[in-house]
Amino acid sequence: MPSKKPDILTASIEITRLRHRIAEHNQRYYQDDAPSISDAAYDALVRELAALEALYPQLADPDSPTRTVGAKPAKGFGKVSHSVPMLSLDNAFTEQDITDFIHRIRRFLSLPDDTPVAMVAEPKIDGLSASLRYERGMLVQAATRGDGSTGEDITANIKTLACIPQQLQSSGWPETLDIRGEVFMTRTDFAALNQQQAAAGLPVFANPRNAAAGSLRQLDASITASRPLQFYAYSLGMVSKPFCTTQIEMLQQFQTWGLPTAKYNLLDAENAIISYYNYIYKNRADIPFDIDGMVYKVNRFDWQQRLGFVSRSPRWAIAHKFPAEQAVTILRDIVIQVGRTGALTPVAILEPVTVGGVVVERATLHNEDEISRKDIRIGDHVTLERAGDVIPKITGVLLEKRQSGGVPFLFPATCPACDTPASRIAGDAIRRCVNTLNCSAQAIERIKHFVSRNAFDIDSIGDKQIQRFFDDGLVRNPADLFTLEQRQQAGEIDLLSRDGWGKLSAEKLFANINARRTIPLERFLFALGIRQIGETTAKLLARRYGSLSALCTAMAQATDPNSDAYKELNAIDGIGVSMANDLVAFFNKSHNKKTLDTLASILTLESPAGIISSDSVIAGKTVVFTGTLARMSRAEAKATAERLGAKVAGSISGNTDYLIAGSDAGSKLKKAGELGVTVLSEDDWISLVKADTPDSKNSPAQPALFSE
């Protein structure tokens, strides 16, 4: 993040770029088991994105990588829906981050500043998260995390791990029990496995994490059985009946039932937490498996219950990451990539170097200001960090090794794909190709996005085929995909004469395309590649408007910022001013209208089946809080409402169902009276939701638990 606060347009552009890049690396890490950057580099990107989103909350997006988890499950495995989502953890990197974390807990729970907050400290194992479902003590199903909501069915593979009991020992287990943990491989076993792979002429694994993930996600369970995998349990998902009141009690019970756990420590002071972290960091080489930090969890389950969650992570736990690994290499070239929104992104081409067990050949340079600020030149010796599974980041230049003759990099003023001027608005960090209609690079990237897994999910056509089809004029826009078979039959094109294509491959492509002629409206909206509109926002739009025609009509009316249509759009929970403006702009461009009309004529778009699944009395209701609450913090009140399915808004409108007014309520209370909105006191509100709030004294936090 730059020291000077960027303007909102600059922030919006950079946020979009970061979200796209992080999503790509999430797929490489969680789905492909082939990360291209380190944990530290990944964490740096997420921190940069989170900082920008904090500066401009109106740019928030429920689909942002800061609020979502993992990646969609891969094909080849059956899918398992998690009854309780497997979320992730926020990260801490400094001692101050830990202090702030504990202070936030006290503030949220309205605790005095000197109240001890006991934490359970556990190692953050670098492996693959898994969920084990036991019924009447018997292991009946196992799944990967996937995207947090849906994972891969790996039951047969998990049952080959000797350390996981098929029947829980002892007694006292609930009838249904969902246990979360980490599958991993020790460094000694990893080295032995790579020796076996090399001796057999097979590819070796880059690191123990990849080896564990690749071994567990085998379609042939016998391969998994041959690999030395381990498992440690660390948390709960769905539980039919509470059996403990603290994190420590839960871990102890796991051990009684025969489930292995990592070593843990109960700490109740900040200085004790930091001392323990420093001790583990210095002695981590003595731990037989890889860890990339420590995890701290509030010990009391009743406090966990009250703290709840924020989008992708719990408020009651945090991962304290170890410092990023660094390396030095030579910058051989800088190439410019053009994205589907026209953004020109510089990418460093590096002399290959191993960082954290992964060979790195490319690194992000973010934008032209970053290149200028660090004075990065082709031929320089550069330092780079890799922290996770994202493209690494160049952190600096070794000026003492700079060769004479090196010149500053001149960022192109024109698009490298179409030679159109690439403009940069004052204060904007990103230079963009303005040729949105005829730039080949943008068009190709839009088609790639359209067919991607989370959009139309069309198999049999990858990036290379899309590039060739575009270059040869077969597919110039998404609608052209749906006329390929018709043009083939009419003799207008001949796929069978093309390299790599035969009758069977062509028929398979046509079948896959035809299978997607009927698609949910939300997936269609996401596939359009509208700036800032991710999967969750597409769902919000689909549920609010119900059909493409209704949405198009509303967006046409919303061109007037004073119109009811614009106000309704802007009032949707999760959509801010910047996002609303991008939506209105997209739907009112003539060439986009033409594309939408064509697609609507050849596709069947399914309206959302339902909006609210919760049976809470406030599910689907829009609530606004105002004034000072006495019995809980404002943050806890909002979190409770959201947990029960309500939409929390920041301003009163005709769509507001309840205004909860504390002391010193001001203008919102007056406006609620004018609009006829139901006003509740804090006591009224607590009475209303009390029947929906589970007894938190004896149960772990629900309805969502996390996975490291």
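Scroll up to find the structure this text is about.
Since the structure is predicted, the reported quantities are computational estimates derived from the model, not experimental observations.

Draft legend 1. Highlighting the overall build of the chain. Assigned secondary structure in the chain consists of 25 helices and 28 strands. Computed over its C-alpha atoms, the radius of gyration of the chain comes to 27 Å, within 12% of the 27 Å expected for a compact globule of 708 residues. Principal axes of the C-alpha set define a box for the chain whose edges measure 75 × 70 × 55 Å. Taking all 708 residues of the chain together, the buried fraction comes to 52%. Accessible area for the chain stands at about 30600 Å²; split by element, carbon and sulfur atoms hold 49% of it. The chain carries 79 positive and 82 negative side-chain charges, and their two centres are separated by 1 Å.

Draft legend 2. Spotlight on unusual backbone geometry. The phi dihedral of Asp-375 is positive, around 50 degrees, even though this residue is not glycine. Mapped onto the fold, Asp-375 is located in the loop between α11 (368-374) and β18 (381-386). Classification of Asp-375 by relative accessible area gives partly exposed; the value is 26%. With a phi angle near 75 degrees, Gln-532 is a residue other than glycine that sits in the positive phi range. Looking at the element boundaries, Gln-532 is found in the loop between α17 (521-527) and α18 (535-545).

Draft legend 3. Broad picture of the packing of helix α3 (residues 95-109) against helix α9 (residues 270-283). Direction vectors running N to C along α3 and α9 enclose 145 degrees, while the axes themselves pass 10 Å from each other. Between α3 and α9 lies a crossing of right-handed hand. Contacts between α3 and α9 involve Glu-95, Ile-98, Thr-99, Ile-102, His-103 and Arg-106 from the former and Glu-270, Ile-273, Ile-274 and Asn-278 from the latter. Here the contact of α3 with α9 is built from residues that sort into four nonpolar, three polar and three charged.

Draft legend 4. Up close: the sheet that holds strand β10 (residues 265-267). Read from one edge of the open sheet, five strands run β3-β14-β11-β4-β10, paired in mixed fashion. Of all the strands in the sheet, just β3 (91-92) and β10 have a single pairing partner and so form its edges. Across the face of the sheet, α3 comes into contact with β3, β4 (119-125), β11 (291-298) and β14 (317-321) while running at roughly 175 degrees to β14. Across the sheet, α9 touches β4, β10, β11 and β14, and the angle it forms with β11 is around 160 degrees.

Draft legend 5. Spatial organisation of the packing of aromatic side chains. With the rule as written, the count across this model stands at 16 aromatic pairs. Seen in terms of ring centroids, Phe-450 and Phe-456 are 4.2 Å apart; in terms of plane orientation they differ by 20 degrees. Their pairing is stacked. Residue Phe-450 shares its accessibility class with Phe-456, and that shared class is buried. Their ring planes at 80 degrees and their centres at 5.4 Å tell us that Phe-586 and Phe-587 sit as a pair that is edge-to-face. Exposure class is identical for Phe-586 and Phe-587. Each is buried. Taken together, the ring pairs in this structure connect Phe-450, Phe-456, Phe-482 and Phe-524 into an aromatic cluster.

Draft legend 6. A look at the pairing of β18. Burial within β18 is extensive, with five of its six residues counted as buried. Taken together, the six bridges between strand β15 (residues 325-338) and β18 define a ladder with antiparallel strand orientation. Counterpart to Glu-325 in the pairing with β18 is Arg-386.

Draft legend 7. Just the nonpolar core, in detail. Counting 57 residues, the largest nonpolar core has Leu-484, Phe-524, Leu-525, Leu-569 and Phe-587 as its most contacted members. When residues in this core are grouped by element, the largest group, six residues, is from helix α21 (residues 577-587). Leave out the neighbours within four places in its chain, and Leu-484 touches Phe-469, Leu-474, Val-475, Ile-493, Leu-509, Phe-510 and Ile-513. Membership of the second largest hydrophobic core comes to 38 residues, among which are Ile-273, Tyr-296, Trp-303 and Ala-317.

Draft legend 8. Seen up close, α18. Within the span of α18, buried status applies to Thr-537, Ala-538, Leu-541, Ala-542 and Tyr-545. Mapping the buried residues of α18 onto a view down its axis gives an arc of 140 degrees, with all of them on the same face.

Reading the values: the criteria
- Residues numbered from 1 in each chain as written.
- Predicted model: local features only at pLDDT ≥ 70, side-chain atom pairs only at ≥ 80, totals over all residues.
- Heavy atoms only, no water.
- Helix = DSSP H or I, 4+ residues; strand = E, 2+ residues; numbered from the N terminus.
- Rg over C-alpha atoms; globule rule 2.2 N^0.38 Å.
- Buried < 20%, exposed > 50% of the residue type's maximum accessible area, 1.4 Å probe, protein only.
- Areas by Shrake-Rupley, 256 points an atom, 1.4 Å probe, with all protein chains shown as cover.
- Lys, Arg positive; Asp, Glu negative; His and termini not counted.
- Charge placed at Lys NZ, Arg CZ, Asp CG, Glu CD.
- Axes fitted to C-alpha atoms, helices over the stretch in contact; angles between N-to-C directions.
- Left-handed = near helix turned anticlockwise from the far one by under 90°.
- Contact = heavy atoms within 4.5 Å.
- Nonpolar A, V, L, I, M, F, W, Y, C, P; charged D, E, K, R; others polar.
- Pairing = 2+ DSSP bridges.
- Phe/Tyr/Trp six-rings, centres within 6.5 Å; stacked < 30°, edge-to-face > 60°.
- Core = buried A, V, L, I, M, F, W, Y, C linked by side-chain atoms within 4.5 Å.
- Arc of directions from axis to C-beta.

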